[in-house]
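Chain by chain, the residues run as shown.
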Amino acid sequence: GGDPYSIVPTRDTNGHGTNMAGIMGAKGQNPLLTGAAPDARFIIVKLRLSNTATFISLENDFNTPVYTDADIIMALKYVFTQARSENIPASVLLPLSANFSPHDGSLIIEQYIDYISTFAGIVITVPAGNEGFSDTHTEGRLQETGASEVIELQVGEGERNVIFDIWFQSPDRVAISITSPSGEIIERIPIQERALQRSTFVFERTEAFVFYNTPDPNTGDENITVLLTNLVAGIWKFTLFGEAIYNGNYNAWLPNRMLLKEGTRFLSASQNTTITSPSTAARAISVGFYNQNTNTADARSGRGFTRTGAVKPDLVAGGVDALVISPGGGTTTRTGSS
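Residues numbered from 1 in each chain as written. Predicted model: local features only at pLDDT ≥ 70, side-chain atom pairs only at ≥ 80, totals over all residues. Heavy atoms only, no water.

Caption draft 1: Just the sheet that holds strand 6 (residues 173–179), in detail. Spatial ordering of the open sheet is given by 7-6-11-4-13, a layout of five strands whose pairing is antiparallel. Looking along the sheet, the strands with just one partner apiece sit at the ends: strand 7 (185–189) and strand 13 (265–266). Pairing analysis gives two bridges linking strand 4 (residues 148–155) to strand 13, with the strands arranged antiparallel. Residue pairing across strands places Leu153 opposite Phe266, the latter belonging to strand 13. (Pairing = 2+ DSSP bridges. Helix = DSSP H or I, 4+ residues; strand = E, 2+ residues; numbered from the N terminus.)

Here it is, written out as structure tokens:
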């Protein structure tokens, strides 16, 4: 009956954390809303917002909150340390997702999740994301050395900057060229290991930065990062040239849909391998969602496998129009993998 803000002087202005806390442990004072573990105690960490100005790809005036891996790792460490010091088990929900990763469980944050999950009484659940039907992933295969493939990216109106990753399995070596909507071509950009190469389109005045991360220090695979700034809307084409092909499979990911303008998408998008990081961590319980009202799959849910073929998500649960608590009281509904 006291003032809770005298104990914790902060408010949930986003709402996502309060929504998820109700699903986990609402005590059922509203008989329509009882959490999965109504007698649970909570350890809650409020993440600080990242300064999005440091992310050149995110200078597009979004209200979507963005956080850094370092802060998330520190949050996990805090929960882990508290649980261990009190000798209590902890079921940890990490309801965040990122597309900008190798999607194979090799990120530092995923390695940390795997590490603390080895301790008895600690389990970490990570939603598989809501990128299944977002057109932010494409895939294909270069059949042999000397072959080429084209990735087409539709850039929507008002999109100033776009960054995306293309991943290949080692020891494949692949080069790239870029064609603008007006037909201007930046010819095949030579592979320079771990060097940022800059090109400018004369007509569009768009600047293209290509970084060959060969090999990627975490995975050993080839990774090409493409950043386009001062963009114009239209269809941009990226031609992949197989300079040495042994496997040939490739995957490309744009940032999460909430960080893109409407209309920015891969034209030949794939719903497979749309599970987001860090739910690709090997020891995380990765959860997708389905429509429990009709007992059918929901195309929005992130799908497996990982880029390297590991089975994820581990399970799916009902996630359409879930009744949740709103900040300040009352209820609302939410849909998604969280």
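Structure shown, so let's carry the discussion forward.
Caption draft 2: Spatial organisation of the layout of surface pockets. Space inside the second largest pocket adds up to approximately 200 Å³. Together, Phe100, Ser101, Pro102, Leu107, Asp165, Trp167, Asn213, Asp216, Pro217, Asn218, Asn223 and Thr225 line the second largest pocket. (1 Å grid on protein atoms, 1.4 Å probe; cavity = no way out; pocket = protein on both sides within 12 Å on 5 of 7 lines; lining within 4 Å. Points joined across faces, edges and corners; volume = space filled by probe spheres on them.)

Caption draft 3: Quick peek at empty space enclosed by the protein. Counted by the stated rule, this structure contains one cavity of 30 Å³ or more. If you add up the space inside the largest cavity, you get close to 30 Å³. Taken together, Leu76, Val79, Phe80, Val92, Ile116, Ile122 and Ile124 make up the lining of the largest cavity. For the lining of the largest cavity, the leading source of residues is helix 2 (residues 69–86), giving three residues.

Caption draft 4: Layout of the sheet that holds strand 3 (residues 137–141). Across the sheet, which stays open at both edges, the six strands sit in the order 3-12-5-10-9-8 with antiparallel pairing between neighbours. Both outer strands of the open sheet, strand 3 and strand 8 (196–200), are each paired with one neighbouring strand and no more. Across this sheet, the average inter-strand angle for adjacent strands is 15°, counted without regard to direction. With five bridges joining them, strand 8 and strand 9 (residues 207–213) adopt antiparallel strand pairing. Looking at the pairing, Ser199 lines up with Ala208 of strand 9. (Axes fitted to C-alpha atoms, helices over the stretch in contact; angles between N-to-C directions.)

Caption draft 5: Structural context of the packing of helix 2 against helix 3 (residues 108–116). Packing of helix 2 against helix 3 brings their axes to within 10 Å, and their N-to-C directions diverge by 10°. One element, helix 2, and the other, helix 3, form an angle in the roughly parallel class. Packed against helix 2, whose contacting residues are Asp69, Ile72, Ile73, Leu76, Lys77 and Phe80, the element helix 3 presents Ile108, Ile109, Tyr112, Ile113 and Ile116 at the interface. Considered class by class, the residues forming the contact of helix 2 with helix 3 number nine nonpolar, no polar and two charged. (Parallel < 35°, antiparallel > 145°, perpendicular 65-115°, else oblique. Contact = heavy atoms within 4.5 Å. Nonpolar A, V, L, I, M, F, W, Y, C, P; charged D, E, K, R; others polar.)

Caption draft 6: Region of interest: the packing of aromatic side chains. One pass over the structure, following the stated rule, counts seven aromatic pairs. Both rings, one in Tyr115 and one in Phe119, keep their centres 5.4 Å apart while their planes meet at 85°; by these two values the pair is edge-to-face. Its relative accessible area of 46% is what places Tyr115 among the partly exposed residues. On the basis of relative accessibility, which here comes to 23%, the residue Phe119 falls in the partly exposed class. (Phe/Tyr/Trp six-rings, centres within 6.5 Å; stacked < 30°, edge-to-face > 60°. Buried < 20%, exposed > 50% of the residue type's maximum accessible area, 1.4 Å probe, protein only.)

Caption draft 7: Geometry of the pairing of strand 6. With six of seven residues buried, strand 6 is to be regarded as a mostly interior element. Relative to strand 11 (residues 234–244), strand 6 runs antiparallel, the two being bridged by seven bridges. The residue of strand 11 that forms the bridge with Ser177 is Thr239. Relative to strand 7, strand 6 runs antiparallel, the two being bridged by three bridges. Opposite Ile178, over in strand 7, you have Ile186 as the bridge partner. Between strand 6 and strand 7, which pair antiparallel and follow one another directly, the connecting turn spans five residues, one of which, Gly183, has a positive phi of 100°.

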